[in-house]
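Report on the structure
Single-letter residue listing:
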Amino acid sequence: MTDAPAPVTEIPTDLGEFPKDSGNPPVPPGTLLLELVPVPATDIERAKAFYQDQLGFRLDVDVNPKPGIRIVQLTPPGSACSITLAEGLPTLDMPPGTLRGLHLVVADIEASRAQLVERGVEISEIEDSGGVLYAYFADPDGNTWCLQHMPWR
């Protein structure tokens, strides 16, 4: 297993300063890759700690590109899609707690749920919705998430 790239803490001013191997695959022509979901938060430090320490997301970016602007990007283990916590960007301004139903697909929902419980996440019991299993939780701002297990995957 290779080490994850170090988080970006300063934005390079020269394109040549960007890492050559970010770990991300190239973008093939004609594709639409969902890679970033903004998650509204009232306190970025609290949200960052929840996603990093309790959910086990990898910290990719934590920058202040200009005064009054902060961007934090975190990625769930094994995911190609990340989340961003931001302040000072009107295009990402959403009321905290309004994001609903983000799914984290897991191979073993019982083990994944137990791991989150061990890390202090308040999560529902596992529910069977006609063969697909779910367990629901919320971040500190009330944005809702679920673990989802599809037995055929």
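Refer to the structure printed above.
In what follows, the accompanying structure is described. (Residues numbered from 1 in each chain as written. Predicted model: local features only at pLDDT ≥ 70, side-chain atom pairs only at ≥ 80, totals over all residues. Heavy atoms only, no water.)

Concerning the environment of A6
Inspection of the secondary structure puts A6 in the segment before β1 (36–38). What makes A6 exposed here is its relative accessible area of 65%. (Helix = DSSP H or I, 4+ residues; strand = E, 2+ residues; numbered from the N terminus. Buried < 20%, exposed > 50% of the residue type's maximum accessible area, 1.4 Å probe, protein only.)

Some details on the pairing of strand β7 (residues 133–138)
Both strand β6 (residues 127–128) and β7 contribute to a ladder of two bridges, which runs antiparallel. For D128, the partnering residue across the bridge sits in β7 and is L133. The hairpin formed by β6 and β7 contains four residues between the paired strands, and G130 there has a positive phi angle of roughly 75°. Here β7 runs beside strand β8 (residues 144–149); their pairing, made up of six bridges, is antiparallel. Across the sheet, residue F137 finds its bridge partner in β8, namely W145. Count of turn residues in the β7/β8 antiparallel hairpin: five residues, of which G142 carries a positive phi of about 95°. (Pairing = 2+ DSSP bridges.)

Description of the pattern of salt bridges
Using the criterion set out here, one finds six salt bridges in the structure. The closest approach of N and O atoms between E45 and R70, which form a salt bridge, is 2.5 Å. Linking E45 in helix α1 (residues 44–54) with R70 in strand β3 (residues 70–75), this pair joins segments that are 25 residues apart in sequence. D60 is paired through a salt bridge with R58; the nearest N and O atoms lie 2.6 Å apart. The partly exposed category is assigned to R58, whose relative accessible area is 36%. (Salt bridge = Lys/Arg side-chain N within 4 Å of Asp/Glu carboxyl O.)

What about the sheet that holds strand β5 (residues 102–105)?
Taking strand neighbours across the sheet as the criterion, the four strands line up as β5-β8-β7-β6 in an open arrangement whose pairing is mixed. If you trace the sheet from one side to the other, it starts and ends with β5 and β6, each paired once.

Topic: the packing of aromatic side chains
Here the distance between the centres and the angle between the planes together describe a pair of aromatic rings. Evaluation of the coordinates by the stated rule reveals six aromatic pairs. Relative to W145, the ring of F137 has its centre 6.4 Å away and its plane inclined at 10°; by these criteria the two rings are stacked. As far as burial versus exposure is concerned, F137 and W145 are alike and both buried. Among the aromatic side chains, those forming a connected cluster through ring pairs are F50, Y51, F57, F137 and W145. (Phe/Tyr/Trp six-rings, centres within 6.5 Å; stacked < 30°, edge-to-face > 60°.)

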